[in-house]
Amino acid sequence: RMRYISVSLDYRIRFCGLSTALANAHDIADWLGIGVVGLYNFPPSVRPVPMTVHIQGYPEKHYCPRMATMNKPTFHAIQNHSPEKPVLVFVASRRQTRLTAQDLLGFIKSDSCEDPKMWAKNMDPNTLLYHQARCQDPYLKEFIEFGIGIHHAGLTARDREIVEALYLEQKIMVLIATSTLAWGVNFPAHLVVVKGTEFFDPQLKRYVDFPITDVLQMMGRAGRPQFDDHAVSVVMVHEPKKNFYRRFLYEPFPVESSLHEQLTDHINAEICAKTITNKDEAVDYVTWTYFFRRLTANPAYYDQFIAALEDESDANPEKFRSMLSDYLDRLINKCFDELLRSSCIEIGEQEVSADGEVLPPKVTSTAIGKIASLYYLGHRTVAQFSRTLSREPLNFVAATRVLCECPQYEEVPVRHNEDKLCAEWAEKLPIEIDLAQQAYDSPHTKAFLLLQAHMWGVKVPIADFQTDMKSVLDQSIRIIQSMVDIAAYEAQLKSAMNMIMLLQCIHQATHPWRSSLRTLPHISDTIEQELYNQGITSLPELIERQDVNRVIGKLHLSAPNAHKELIRRVKGLPLLRVSFELRIVEPSDEEEAKDLQELAEGRNVDKPPPLTQPYNVPPGCDLELTVNLKYGNVPEKYFMAAKSEFTKKKTFSWWVLLGDLEVDELVDVKRVMMPAKRGFDRRAVFSFNSPGEEDGETFKLSVIVCSDSYYGLDQQYDIDITTTAGDGGAPPEGE
């Protein structure tokens, strides 16, 4: 995309790319526009530390017995190649790190010729006791005593830091880790053992091979330039694949593109950016991609039809080009069809230019398509939300279910036997699983359970779920924000309000059936009852009290400095003041219409005088409601949750909704960012029409102001407007 922009604007952009081992570096250089002079591709012979690779095959058919068979050869490899130097053992899963460590521990204890603590010679007893006291994982406490560490995403951050520090200081000599460590922290070793080259794919529900690049990356950890003059890598594989790895470890497959699998969402983003306005421009866009370069070099990888006729096309270049053109045409048509079905784009009629040339139909983005692009969501996700929200209003529980059923959560891992764990855990959670639509081995069901556990404060059954919860929560914010926008597009007021409440509850780790006071630190059931006894039942009642110091001072808080922290938190909450003005707008010419547009954008122009209550307006007239927001205190600049996974600072904003609660119609929604200063105000301007059917009809609109982060601080103001045949409500005297 950057090269496309560079050529279009005739402005040169410099690219600098770094990569792991590649078999087709020239293709990537060509894609980046790098010539022969700028490409540096190094062969394995230039490694600063030469490496010897041993490939061992194991015949066991089933995965778990094969992994168990590899444990003793792993122990012998350590004894033979690196008895006194650091060793990295890569395994496929978190469970395998523990099983491998337990077997190595058993081997070293049963070997009478060896010191059981030979891998922990550099760690004195006091250091060992100190780190064991800090470890939370019970297995890790035992392993580090014998110089063995385990490292995977299921450990707590502190446990991982302990293992990393001990390994870098060579207090432990053997580190057993999952493959993700090869791409993360730089932990070189003298010996690397790749114990198995398969992992379980929860979506396919079977074991699949690691990419060759992952295996190369793991092997690349062998060798410490500061300490070693040679390195050793042992790769343990299934016997039928031994020859494959022997051949392709140093002659790997070329890097292929996956863009064709995600092209629809990329095309949607470019249509929103107006980079693509018709089908021809979409084809031109694809020709700038790495996918197009690999398509021309290896078309059989991307299209089965071309693969079937590959031999024939080699003899006829014209036919080959025609086949590529047909494939691209089918691919772009497929993308456009999917976006049309998802209501993300609209395609206009064909037009004829002044000189008689037939122009391709224009493609424009819809509101749904823009929402998908803005929040980095797939077209299937926004289409699913649009269909659901157009049917009926959603309550809080239904909104949570819709969130968890979206395609964005298809990647949540459901590991081996976790479906049984989820079934047991679901019985401890308040919202029941609908077994007619949800299965315990579904990633969507797991996401639903994790969100419940977060909001109700239920402990997760295993550490792996904590990692999965972080992934679910990180995605939930932008997904819910998109749901609010889609609800506004569908004019669903109650659905939008419940989704905003869901967002608040996720931010603050609470739920609607709990008092808003519980979002504060140090508030337990007993302290909540003490506040009730003082006449305070909600968070707004507490922050509005002038004697908040005295109120909190009476509470029996046990933690040291708890009173100070609670007072600071309460005084740092935003004290929002809301006022509004209603005007009749009667633009008589283009100049007045321009003034009204500038007024809506917040510029200073001459405003029509505001009406006074009761609001009487002519039927069918244009009305404008200006909602003014300002703080009555100086709130904290950043939102910080007291009891939530969201420990990072973030700015917060306010949603202002205008709608009719009686008929559940949302007129419009605005999002307002407020400066954290007293007296500075912001405005949200709404334009709408009064009903034109009946004279003397009274309708009620509600202005609802909601925080995007704080639970319990929402405000609602009802406005009664009556249509009269007279001149409408008069402005105040003197105006």
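Quick look at the structure, then. (Residues numbered from 1 in each chain as written. Predicted model: local features only at pLDDT ≥ 70, side-chain atom pairs only at ≥ 80, totals over all residues. Heavy atoms only, no water.)

**Here's the deal with the pairing of strand β8 (residues 231–238)**
Definition in use: For every residue, the accessible area (1.4 Å probe, protein chains only) is compared with the maximum for its type, and the residue is labelled buried under 20%, exposed over 50%, or partly exposed between those bounds. Going along the chain from the N terminus, every DSSP run of H or I of four or more residues is numbered as a helix, and every run of E of two or more is numbered as a strand. For two strands to be treated as a pair, DSSP must find at least two bridges joining them.
With respect to burial, β8 is a largely interior element, eight of its eight residues being buried. Here strand β1 (residues 51–58) pairs with β8 via eight bridges, running parallel. Paired with Gly57 across the two strands is Val237, which belongs to β8. In this sheet, β8 lies alongside strand β5 (residues 191–195) in parallel orientation, the contact comprising five bridges. Bridged to Leu191 within β8 is Val232.

**Quick notes on the sheet that holds strand β2 (residues 87–91)**
Let me state the cut-off plainly: Axes here mean lines fitted to C-alpha atoms, for a helix over just the part in contact, with angles spanning 0 to 180 degrees between N-to-C directions. Whether two residues are in contact is decided by their heavy atoms: any pair within 4.5 Å suffices.
Taken in spatial order, the six strands of this open sheet run β1-β8-β5-β2-β4-β3, and their pairing is parallel. Of all the strands in the sheet, just β1 and β3 (148–151) have a single pairing partner and so form its edges. When the angles between neighbouring strand axes are averaged without regard to direction, this sheet yields 15 degrees. Strand contacts of helix α4 (residues 71–81): β1, β2, β4 (174–178), β5 and β8, with the helix running at about 170 degrees to β5, the strand carrying the most contacts.

**Some remarks on helix α18 (residues 367–374)**
The line we're drawing: To be clear, the arc concerns the directions from the helix axis to the C-beta atoms.
Looking only at α18, the buried set comprises Ile368, Gly369, Ile371 and Ala372. For α18, the angular spread of buried residues about the axis comes to 160 degrees, placing them on one side. Looking at the buried residues of α18, the elements they touch are α12 (259–272), β12 (363–365), α19 (379–389) and α23 (463–489).

**Regarding the nonpolar core**
Rules: Put simply, a nonpolar core is a bunch of buried Ala, Val, Leu, Ile, Met, Phe, Trp, Tyr and Cys residues held in one set by side-chain atoms that sit within 4.5 Å of each other.
With 81 residues, the main nonpolar core has Ile267, Phe291, Leu403, Met499, Ile506 and Leu657 as its most contacted residues. Residue contributions to this core peak at 11 residues, all from α23. Core analysis: the next-biggest nonpolar cluster, separate from the first, contains 66 residues, Met51, Ile148, Val174 and Ile176 among them.

**A word on the packing of aromatic side chains**
Our working rule: Ring pairs are drawn from Phe, Tyr and Trp, using the six-membered ring of Trp, whenever the two centres fall within 6.5 Å, and their geometry is named by plane angle: stacked under 30 degrees, edge-to-face over 60, tilted for the rest. Charge-over-ring contacts are defined here by two conditions on Lys NZ or Arg CZ: a distance within 6 Å of the ring centre and an angle within 35 degrees of the ring normal.
In the structure shown here, the tally under the stated rule is 16 aromatic pairs. Aromatic pair Phe200 and Tyr207: ring centres 5.3 Å apart, planes at 70 degrees, arrangement edge-to-face. Residue Tyr207 is classed as partly exposed on the basis of its relative accessible area of 32%. Three or more aromatic residues joined by ring pairs make a cluster, and in this case those are Tyr63, Phe200 and Tyr207. When the ring centre of Tyr139 is taken as origin, the NZ or CZ atom of Arg98, which lies over that ring, is 5.2 Å away. Its end group placed over the ring of Trp655, Arg671 keeps NZ or CZ at 4.5 Å from the ring centre.

**Some details on the sheet that holds strand β13 (residues 576–585)**
Across the sheet, which stays open at both edges, the three strands sit in the order β13-β15-β18 with antiparallel pairing between neighbours. Among the strands making up the open sheet, the edge pair consists of β13 and β18 (681–689). For this sheet, the mean angle separating the axes of adjacent strands, direction not counted, is 20 degrees. Alignment of β13 against strand β15 (residues 622–631), held across 10 bridges, turns out to be antiparallel.

**Side note on a nonpolar patch on the surface**
To be explicit about the condition: Exposure above 30% relative accessible area and the lack of any salt bridge qualify a residue for a patch; like charges then connect within 9 Å, and the nonpolar side chains Val, Leu, Ile, Met, Phe, Trp and Tyr within 5 Å. In this description, accessible areas are obtained by the Shrake-Rupley approach with a 1.4 Å probe, and a residue is regarded as covered only by the protein chains that are shown. When a carboxyl oxygen of Asp or Glu lies within 4 Å of a side-chain nitrogen of Lys or Arg, that pair is called a salt bridge.
A contiguous nonpolar patch, built from Met2, Leu9, Tyr11 and Ile13 and spanning about 440 Å² of accessible area, is present on the exposed surface. Its place among the elements puts Ile13 in the loop between α1 (2–9) and α2 (25–32). Owing to a relative accessible area of 31%, Ile13 belongs among the partly exposed residues under this scheme.

**Considerations on the packing of α12 against helix α17 (residues 317–341)**
Defined as follows: The crossing is said to be left-handed when, going from far helix to near helix, the turn is anticlockwise and less than a right angle, and right-handed when the turn is clockwise. Classes in brief: Ala, Val, Leu, Ile, Met, Phe, Trp, Tyr, Cys and Pro nonpolar; Asp, Glu, Lys and Arg charged; the others, Gly included, polar.
α17 packs onto α12 with a crossing angle of 65 degrees between their chain directions and a minimal axis gap of 9 Å. Remark: the crossing between α12 and α17 carries right-handed chirality. Only Tyr327, Leu331, Ile332, Cys335, Phe336, Glu338 and Leu339 of α17 make contact with α12, whose side of the interface consists of His260, Leu263, Thr264, Ile267, Asn268 and Ile271. In terms of residue class, the contact of α12 with α17 is built from nine nonpolar, three polar and one charged.

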